[in-house]
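One letter stands for each residue in the lines below.
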Amino acid sequence: AKSSGKNHYQLYHEEMHKDESKQMKMEVGLRKALEQKEFFLVYQPQIHLKTGKIIGIEALIRWKREEQEIISPEQFIPLAEETGLIVPISEWVIKQACEDIQQVHLRGHSNLLVSINISALHFNQENFVKSVQAILQQTNVNPHLVDFELTESMIMPNASQTISKLVKLKKLGIKLSIDDFGTGYSSLSYLNRFPLDRLKIDKSFIENLNKYHDDSSIVEAIISIAHRLNLSVVAEGVESKKQLLHLKTGNCDHIQGFYITKPLPLAELIRFLAEWEEDLY
Ligand code: C2E
Ligand code: CA
Ligand code: CA
Ligand code: CA
């Protein structure tokens, strides 16, 4: 009995150790990733439903670890948040996205918006607005063509401080979107109080359009509330023509999803933009 107890302890200990060391390896890797330029951005176009024109692109981070496998943000963003590494990573994302959108503008797509996912931890830094301002100046990008995607959970706590930050960003010219709309806090009161431009309907609702469990009334309600408040609506995760047509009938403004294209590295995106035909239906 004594020895089996010991074995059990050892096993448990080894398991824990494995998890911990995996985590530590990932953390060490993350620290190196910035210096060694292992992060890159891919871009997914956003389409204006009425005209079929591409109006913007969303920047999404990828990690090419030690020149081998590509790691998705869902695998490393939580650890980056936990360790605070998300702050320099997020600064890098904003800077890179601004440099890249300049390239896109120079290639003749001069009105394209770049949407950037902002981390809560970064947004809550005292000097967030200043650091953004510095990046805008360095990269010389038109702030009206930069859009920040924020989540409901990051802007709800601390509402008064949040509002003043949002107002400052707005004054710089930056557009503000709420990402994953409908999945977070249910309070709608902030929609009126915050200087927002767009709502992005979470892809879970789009997935359930036309399905047995139909979310079309929720989607239609979100669109109509948004329009009443002068916000435009982006539907993300559009994978089929059926969903696209449904959203078009429902008066949704913009769509994004695999039906148009998966997110693309910059060079491929530039080719995609050049070849895009607006008659997509
Ligand atoms: P998100 O901002 O909600 O991004 C949408 C996710 O849906 C992306 O996953 C995108 O590749 C994926 N997607 C696009 N079209 C479709 C579709 O038609 N169907 C389905 N099923 N999925 C689609 P990704 O790139 O793996 O990013 C996951 C999450 O990681 C993002 O969710 C965002 O929360 C976070 N993230 C990504 N890039 C960044 C970044 O640069 N900074 C920060 N702070 N977070 C990021
Ligand atoms: Ca997003
Ligand atoms: Ca989203
Ligand atoms: Ca999401």
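Whatever comes next refers back to the structure up there.
All figures in this text were calculated on a predicted structure; none of them were measured in a lab.

**Student:** Explain helix H10 (residues 216-228) to me, please; I cannot follow it from the model alone.
**Tutor:** Each α-helix turn comprises 3.6 residues. Residues three or four places apart therefore point the same way. Here H10 contains 13 residues, and its C-alpha end-to-end distance of 18 Å stays within 8% of the 18 Å for a straight helix at 1.5 Å per residue. Residues of H10 that are buried: Ser216, Val219, Ile222, Ile223 and Ala226. For H10, the angular spread of the buried residues around the axis is 125°, confining them to a single face. The outward face of H10, more than 90 degrees from its buried face, is lined by the exposed residues Ser217 and Arg228. Taken together, the buried residues of H10 touch strand E6 (175-181), strand E7 (198-201), helix H9 (203-207), strand E8 (232-235) and helix H11 (241-249). Within two residues after H10, Asn230 carries a phi angle of roughly 65°, on the positive side.

**Student:** I keep staring at the coordination of the calcium ion (ligand 4) and nothing clicks. Help me out?
**Tutor:** Perfect tetrahedral coordination of a metal by four donors corresponds to 109.5 degrees between them, and perfect octahedral coordination by six donors corresponds to 90 or 180 degrees. On the protein side, the calcium ion (ligand 4) has Asp180 (OD) and Asp180 (OD) as donor atoms, found 3.0 to 3.1 Å from it. With respect to the helices and strands, the residue Asp180 is situated in strand E6.

**Student:** Just to check I follow, could you spell out the coordination of the calcium ion (ligand 3) for this structure?
**Tutor:** Donor atoms from the polypeptide that bind the calcium ion (ligand 3) are Asp179 (OD), Asp180 (OD), Glu236 (OE) and Glu236 (OE), placed at 2.3 to 2.4 Å. Sequence positions of the residues that donate to the calcium ion (ligand 3) give the spacing D-D-x55-E. The metal-metal distance between the calcium ion (ligand 3) and the calcium ion (ligand 2) comes to 3.9 Å, with Asp179 coordinating both. The exposure class of Asp179 is buried, given its relative accessible area of 8%.

**Student:** What am I meant to see in empty space enclosed by the protein here?
**Tutor:** Over the atoms rolls a probe the size of a water molecule, and its path tells where empty space is left. All chains considered together, the criterion is met by 1 cavity of 30 Å³ or more. Of the voids in this model, the largest cavity is the one considered here, and its volume is about 30 Å³. In terms of lining, the largest cavity is formed by Leu209, Ser216, Val219, Glu220, Ile223, His246, Leu247 and Gly250. If you list the elements that add at least two residues to the lining of the largest cavity, you get H10 and H11. Take the lining of the largest cavity: its biggest share by element is 4 residues, from H10. Partitioned by chemical class, the residues of the lining of the largest cavity number 4 nonpolar, 3 polar and 1 charged.

**Student:** Mind showing me how you'd approach the pairing of E6 here?
**Tutor:** Consecutive side chains along a regular strand alternate between the two faces of the sheet. Burial runs high along E6: 5 of the 7 residues are buried. Of the pairings in the sheet, the one linking strand E5 (residues 146-151) to E6 comprises 5 bridges and is parallel in character. For Glu149, the partnering residue across the bridge sits in E6 and is Ser177. Inspection of the sheet shows E6 paired to E7 by 3 bridges, in the parallel sense. Looking at the pairing, Phe181 lines up with Ile201 of E7.

**Student:** Looking at this structure, I do not really get the pattern of salt bridges. What am I missing?
**Tutor:** A side chain of one charge can pair with a side chain of the opposite charge when the charged atoms of the two come close. Applying the stated criterion to the full structure yields 8 salt bridges. Notably, a salt bridge pairs Glu58 with Lys200, separated by 3.0 Å at the nearest N-O pair. With Glu58 in strand E2 (residues 54-64) and Lys200 in strand E7, this residue pair connects regions lying 142 residues apart in the sequence. Each member of the pair, Glu58 as well as Lys200, carries the same accessibility label: buried. Between Glu149 and Lys200 there is a salt bridge, and its shortest N-O distance comes to 2.8 Å.

**Student:** How do you make sense of the packing of aromatic side chains when you look at a structure like this?
**Tutor:** The full count for this structure, using the stated rule, is 8 aromatic pairs. Measuring from ring centre to ring centre gives 5.6 Å for Phe39 and Phe76, while their planes differ by 35°; the resulting arrangement is tilted. Here the residue Phe39 occupies a position in strand E1 (residues 39-48), and Phe76 occupies one in helix H2 (residues 73-83), the gap between them amounting to 37 residues. Counting every residue linked through ring pairs, the aromatic cluster contains Phe39, Trp63, Phe76 and Trp92.

Quick notes on the rules
- Residues numbered from 1 in each chain as written.
- Chains lettered and ligands numbered in written order.
- Predicted model: local features only at pLDDT ≥ 70, side-chain atom pairs only at ≥ 80, totals over all residues.
- Heavy atoms only, no water.
- Helix = DSSP H or I, 4+ residues; strand = E, 2+ residues; numbered from the N terminus.
- Expected span 1.5 Å × (residues − 1).
- Buried < 20%, exposed > 50% of the residue type's maximum accessible area, 1.4 Å probe, protein only.
- Arc of directions from axis to C-beta.
- Contact = heavy atoms within 4.5 Å.
- Donors = N, O, S within 2.8 Å, 3.2 Å for Na, K, Ca; no water.
- 1 Å grid on protein atoms, 1.4 Å probe; cavity = no way out; pocket = protein on both sides within 12 Å on 5 of 7 lines; lining within 4 Å.
- Points joined across faces, edges and corners; volume = space filled by probe spheres on them.
- Nonpolar A, V, L, I, M, F, W, Y, C, P; charged D, E, K, R; others polar.
- Pairing = 2+ DSSP bridges.
- Salt bridge = Lys/Arg side-chain N within 4 Å of Asp/Glu carboxyl O.
- Phe/Tyr/Trp six-rings, centres within 6.5 Å; stacked < 30°, edge-to-face > 60°.

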